[in-house]
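# Residue-level structure breakdown
Here is how the chains run, residue by residue.
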Number of protein chains: 2
Amino acid sequence: MWLQVDPRSPTPVYQQIVDGIKGAVAAGWLKPGDRLPSVRDFAVSLAINHNTVAKAYQELERSRVIEVVRGRGTFVASPGQRPPPDVEERIEKLRDTLRLAWIEAYHLGLVEDEFERMFRQARDDARGGEGKEGL
Amino acid sequence: MWLQVDPRSPTPVYQQIVDGIKGAVAAGWLKPGDRLPSVRDFAVSLAINHNTVAKAYQELERSRVIEVVRGRGTFVASPGQRPPPDVEERIEKLRDTLRLAWIEAYHLGLVEDEFERMFRQARDDARGGEGKEGL
DNA sequence: GCATGTGTACTACTCGAACTAGTACACATG
DNA sequence: CATGTGTACTAGTTCGAGTAGTACACATGC
């Protein structure tokens, strides 16, 4: 299975699924129109309850990353259709994440150049990392 | 009081204290040698239990942000003395935070330039934001 | 129509982290 | 010795995450 999950992680399992799928889409590893496993199949693969998968799918649909069709399945959405209802709030949260990251970098003794390099490295990791990629 | 805390936030209260103090130090709003309130005084100001403040102080000491002297009080540490015992782990966590931030930015429809601008803005916010600063 | 597979909704329950509350202890200072 | 500091411990509450099981509504294909 291309996604793994750690039940003992402090990050909730459903959040790990959300992050994993968002990452796979951003990396191009999942493409618009691709079908995701059913909540039950996915739950068996990850050895978790199907309600946890359902919760992740609901969050992903709110984020406009996937589209759910009752009775048929869930599919990766085409990017940039319509933005999620709370974009502004999400952007604000992202701002705060970056602010806290700078503060943390300061206390870890990282100088500005190092941290900016890390920032760009993270961008490259976000698109295509994880080893296998379309070349 | 220069720090406030929201007991209904999903982020734990002790974590809010940690972030707040780290931010105040990084912004220069708290300087090395400055004394922090006692756990009990701070707890009264924030209307929380003193054990919660103590937990925050312990985390801040592990991060080498403050120094605790039993019987005397807690003080802002001088920067760059000795690094925390788990720097590598913290840096790795920071890497992952940035990677997830890029993924989130992608799904919010932010283009690279916008996100890099946001990154630099966050740096400026981290040192000196919050309105009042030493000019 | 009916069986099957899809996501959804609901209840009941377990588990662990966060937090409260209260108390006791060890150390430094005056 | 009194006071103020951080620390440690127990007991209990609260809440979110997750499990388990079931039932429902919709789409598809036989």
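A brief look at the structure comes next. All residue numbers refer to position in the chain's written sequence, counted from 1. Lettering for chains starts from A, numbering for ligands starts from 1, and both go in the order in which the items are written. Per-residue local features are limited, in this predicted model, to residues with pLDDT of at least 70; the limit for side-chain atom pairs, both in listing and counting, is 80 or more; totals at the level of whole chains, interfaces and linings are taken over all residues. Hydrogens and waters are ignored; side-chain quantities use all the structure's heavy atoms.

### Side note on the interface of chain B and chain A
The contact definition used throughout considers only heavy atoms, calling two residues in contact when any of these lie within 4.5 Å. Opposite the 37 residues of chain B that make contact, chain A presents 37 residues. Across the interface of chain B and chain A, roughly 3800 Å² is buried in total on both sides, 73% from carbon and sulfur atoms. Here a salt bridge means any side-chain nitrogen of Lys or Arg lying within 4 Å of a carboxyl oxygen belonging to Asp or Glu. Linking chain B with chain A are nine salt bridges, by the criterion used here. Glu104 of chain A serves as the salt-bridge partner of Lys22 of chain B, at 2.9 Å between the closest nitrogen and oxygen. Contacts described as polar in this section are N or O atom pairs within 3.5 Å, which, within protein, must combine one atom able to donate a hydrogen with one able to accept it, while residues neighboring in sequence count only if both atoms come from side chains. On inspection of chain B and its partner chain A, the count reaches ten residue pairs in polar contact (both at pLDDT 80 or more). Helix and strand definitions follow DSSP, with helices as H or I runs of at least four residues and strands as E runs of at least two, each counted in order from the N terminus. Contributing elements (two or more residues each) for the side of chain B that touches chain A: α1 (13-26), α4 (87-107) and α5 (112-126) of chain B. Split into classes, the residues belonging to the side of chain B that touches chain A amount to 21 nonpolar, three polar and 13 charged. The term buried area refers to how much accessible surface (probe radius 1.4 Å) is lost by two components on association, counted for both of them together. When residue character is reported, Ala, Val, Leu, Ile, Met, Phe, Trp, Tyr, Cys and Pro are called nonpolar, Asp, Glu, Lys and Arg charged, and the others, Gly included, polar.

### With respect to the relation of the copies chain B and chain A
For the match of chain B to chain A, the screw axis carries a shift of 0.0 Å, the RMSD comes to 0.0 Å, and the turn is 180 degrees. Seen this way, the second copy is the image of the first under a two-fold rotation axis. In superposing the copies, a least-squares fit is computed on C-alpha atoms, taking residues whose pLDDT is at least 70 in both.

### Regarding the protein's contact with DNA strand C
One heavy atom suffices: a residue is near a molecule or strand as soon as one of its heavy atoms comes within 4 Å of it. Taken together, 27 residues are adjacent to DNA strand C, and Val39 and Arg40 of chain A together with Val13, Asn51 and Thr52 of chain B come closest. Counting only the atoms of DNA strand C within 4 Å of the protein, the fraction contributed by sugar and phosphate is 65%. At 2.9 Å from a phosphate oxygen of DNA strand C is found a main-chain nitrogen or oxygen belonging to Val39 of chain A. Here a base nitrogen of DNA strand C and a backbone polar atom of Gly71 of chain A are 3.3 Å apart.

### Observations regarding the protein's contact with DNA strand D
Close contacts around DNA strand D come from 27 residues, with Val13, Tyr14, Asn51 and Thr52 of chain A together with Arg40 of chain B the closest. Note that a phosphate oxygen of DNA strand D is positioned 3.2 Å from one of the backbone N or O atoms of Asn49 of chain A. Only α1 (13-26) and α3 (50-62) of chain A together with α2 (39-46), α3 (50-62) and β2 (73-76) of chain B provide two or more residues apiece to the surface near DNA strand D. Across the surface near DNA strand D, the residue classes tally to eight nonpolar, twelve polar and seven charged.

### Quick word on the pattern of salt bridges
All told, the structure shown has 25 salt bridges over all chains when counted by the stated rule. Here Asp86 of chain A and Arg90 of chain A are joined by a salt bridge, their closest N and O atoms 2.8 Å apart. To sort residues, take the accessible area from a 1.4 Å probe on protein chains only and compare it with the maximum for the residue type: under 20% means buried, over 50% means exposed, and anything in between is partly exposed. A relative accessible area of 25% places Asp86 of chain A in the partly exposed class. We note a salt bridge from Glu112 of chain B to Arg127 of chain A, for which the minimum N-O separation is 2.8 Å. Within this pair, whereas Glu112 of chain B is found in helix α5, its partner Arg127 of chain A is found in the segment after α5 (112-126), the two belonging to separate chains. If you follow the salt bridges from partner to partner, you end up with Glu104 of chain A together with Lys22, Glu59, Arg62, Asp86 and Arg90 of chain B in one network.

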